[in-house]
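Tertiary structure, described
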Amino acid sequence: MNTRLTTWAAQTAEAYDRIARAYGDDAPAFYTQSDLTKINDSPRVFIMGINPGSNGSYKKQCEDEYWQLGGKSMDGSHLLKGNPSWSNRFDWPYWQRLYRLFDAQPHPLDYENEFVVTNATFFATPKAKNLLPQLLAETLPYTLELIEITRPRMIVVLSGNSLLKAIKAHCDMTDRRLEYAQTFSSLGNIYTGQLEGIPCCGIPHPSACLFREERELMRKVVTQTYRCESITADACRDLLHSIKQRRKVQDLSKEERDTLFDRLIARMQNLPYAAYESCEKKFCRYDLCNGLQLTIGNNSTTQGLAIRPKNYKGEKDIDQIPMPHVRELLECFDKVNYANTPAWLGMKDFSTLTVENGIESLAGSLVDEVEKLIFEIHQILPPFR
């Protein structure tokens, strides 16, 4: 296994270097995630996203001391070691979300020789939509070869709806075999099947804006696939029904969103959190005095209540920014149905809300909820003195 991985890494690094140089100085940096030098035998789990969520050019990567390339091209030994920040993964929201996909003991992500976490392409862009489709097509075969070498017991494909289609298109042009289907007739974002005879499941990316019930269903499917158990709609009936009911909720009208935003801002004046940045009718940010901020937004990018680090500037996917006690924080958000997104640690989107007793009542319940949420967060990350 070690010999085959070493050979694969050298050939893959050379190919990526060649592709990057053909694209010129703007070619994105590239790297894998988990440390492949730890893999000595077939791992239990192989987790694959579309691509790393960060920015930077390959040219700068070769020169940056962080990557320890000394101005030279990426080589096999450095590629095998993965992300230099991998040892910090326990503080990443991304890692905690991956970890919570499995409800199994012993947990398959507890030991580095038991799993591989990587991407369909190693070229990194802040968002997958920024990735040139041709770069994915040119480099996907190297990740599929990694699967052939490691022969994991199970494969999890993140952003499964789009990535499985890309993998299927490649397999149809080669001798590889991918067969998959929608797992539940009423839900079009979870898939199960086999890639080269290996059980696999395709699920939404863990940082997608999902209901709590959707995350529970994802965990159930991933865990049962891992255990090689059959998955039936009957066994998931309650979750599927709850998801269906949630999706029936009619979005607030523009007028209702505008009114709700105004009422929320007015009620926040009664709480002891300073508004340090605002734009009339669009957003207002509050300092939680512990390194986090609360934003109430009603604009093209944010419509709802959302929390993240105060110093976050969008330089990379928030999933990969280390932060203390991230597991405990995510549990707080789960309790009140705040979704985790690429830009927010926790968010309650206006689109998930219903007006039952009027906008004024809804605003009151949301501010009461956020006050309790901040109190719990302060038990984990106390305000600075």
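Residue numbers here run from 1 along each chain, matching the order of that chain's written sequence. Local features in this predicted model are restricted to residues of pLDDT 70 or higher, and side-chain atom pairs are both shown and tallied only at a pLDDT of 80 or more, whereas totals for entire chains, interfaces and linings draw on every residue. Hydrogens and water are ignored here; the side-chain numbers use all heavy atoms of the structure.

With respect to the pattern of salt bridges
Charged atoms that come close allow side chains of opposite charge to pair. Between Lys or Arg on one side and Asp or Glu on the other, a salt bridge is scored when a side-chain nitrogen of the former is within 4 Å of a carboxyl oxygen of the latter. Here the structure, examined in full by the defined rule, presents 19 salt bridges. Across the salt bridge formed by R44 and E114, the nearest N and O atoms sit 3.4 Å from each other. Here R44 is found in the loop between α1 (2-23) and β1 (45-49), whereas its partner E114 is found in the loop between α4 (93-99) and β2 (115-119), with 70 residues between them in sequence. Summary of the burial criterion: residues with accessible area below 20% of their type's maximum are buried, those above 50% are exposed, and those between are partly exposed, where the area comes from a 1.4 Å probe applied to protein chains only. Judged by its relative accessible area of 24%, R44 is partly exposed. Between R212 and E216 there is a salt bridge, and its shortest N-O distance comes to 3.7 Å. Of the two residues, R212 and E216 both sit in helix α7 (residues 212-226), 4 residues apart, roughly one turn of that helix. Counting from the N terminus, the helices are DSSP H or I runs at least four residues long and the strands are E runs at least two residues long.

Details of the sheet that holds strand β9 (residues 292-298)
At least two DSSP bridges between two strands are required for those strands to pair. If you trace the 5 strands from one edge of the open sheet to the other, you get β7-β8-β9-β10-β11, paired in antiparallel fashion. On the outer flanks of this sheet lie β7 (275-279) and β11 (346-349), each paired with one strand and no other. For this sheet, the mean inter-axis angle between neighbouring strands, taken without regard to orientation, is 10°. One ladder, built from 4 bridges, connects β7 with strand β8 (residues 283-287); its direction is antiparallel. Residue pairing for β8: C279 is matched across the bridge by F283. Every axis corresponds to a line fitted to the C-alpha atoms, with the helix fit spanning only the stretch in contact, and the corresponding angles, defined between N-to-C directions, vary from 0 to 180 degrees.

Some remarks on helix α5 (residues 133-150)
Compared with the 26 Å implied by 1.5 Å per residue over 18 residues, the 26 Å span of α5 between its first and last C-alpha is a close match. Bending is quantified residue by residue as the angle between axes fitted to the seven-residue window ending at that residue and the seven-residue window starting at it. Residue T139 marks the point of greatest curvature in α5, where the axis turns by about 35°; the proline P141 follows within four residues. Turning to α5, its buried residues number three or more, namely L135, L136, T139, L140, Y142, T143, L144, L146, I147, I149 and T150. Positioned one or two residues after α5, R151 has a phi angle of 45°, which is positive. Under the convention used throughout, the expected extent of a helix is 1.5 Å for every residue step, that is, one less than its residue count.

Regarding the packing of aromatic side chains
Pairing of aromatic side chains requires ring centres within 6.5 Å, counting the rings of Phe and Tyr and the six-membered ring of Trp. Pairs whose planes differ by under 30 degrees are stacked, by over 60 edge-to-face, and all others tilted. Across all of its chains, the model carries 17 aromatic pairs by this definition. On the basis of an interplanar angle of 10° and a centroid distance of 5.1 Å, the ring pair of Y16 and F122 is categorised as stacked. Of this pair, Y16 sits in helix α1 while F122 sits in the loop between β2 and α5; the two residues are 106 residues apart in sequence, bridging distant segments of the chain. Like Y16, the residue F122 is buried in the burial classification. Centre to centre, the rings of Y16 and F123 are 4.9 Å apart; their planes meet at 45°, and the pair counts as tilted. Taken together, the positions of Y16 in helix α1 and F123 in the loop between β2 and α5 put the pair 107 residues apart, joining distant regions of the chain. Here Y16 matches F123 in class, with each residue buried. Counting every residue linked through ring pairs, the aromatic cluster contains W8, Y16, F30, Y58, F122, F123 and Y142. If you follow R89 out to its NZ or CZ, it ends over the ring of W95, 5.1 Å from the centre. We call a charge positioned over a ring when the NZ of a Lys or the CZ of an Arg lies within 6 Å of the ring centre and within 35 degrees of the ring normal.

With respect to the nonpolar core
Nonpolar cores were defined as sets of buried Ala, Val, Leu, Ile, Met, Phe, Trp, Tyr and Cys residues, with membership established by side-chain atoms within 4.5 Å. W8, I167 and L195 are the most contacted members of the largest nonpolar core, which has 48 residues in total. Any pair of residues with heavy atoms lying within 4.5 Å of one another is described as a contacting pair. Ignoring anything within four residues of it in the chain, the contact list for W8 reads L36, L80, F122, Y142, E145, L146 and I149. Core analysis: the next-biggest nonpolar cluster, separate from the first, contains 41 residues, L288, F333, F350 and I374 among them.

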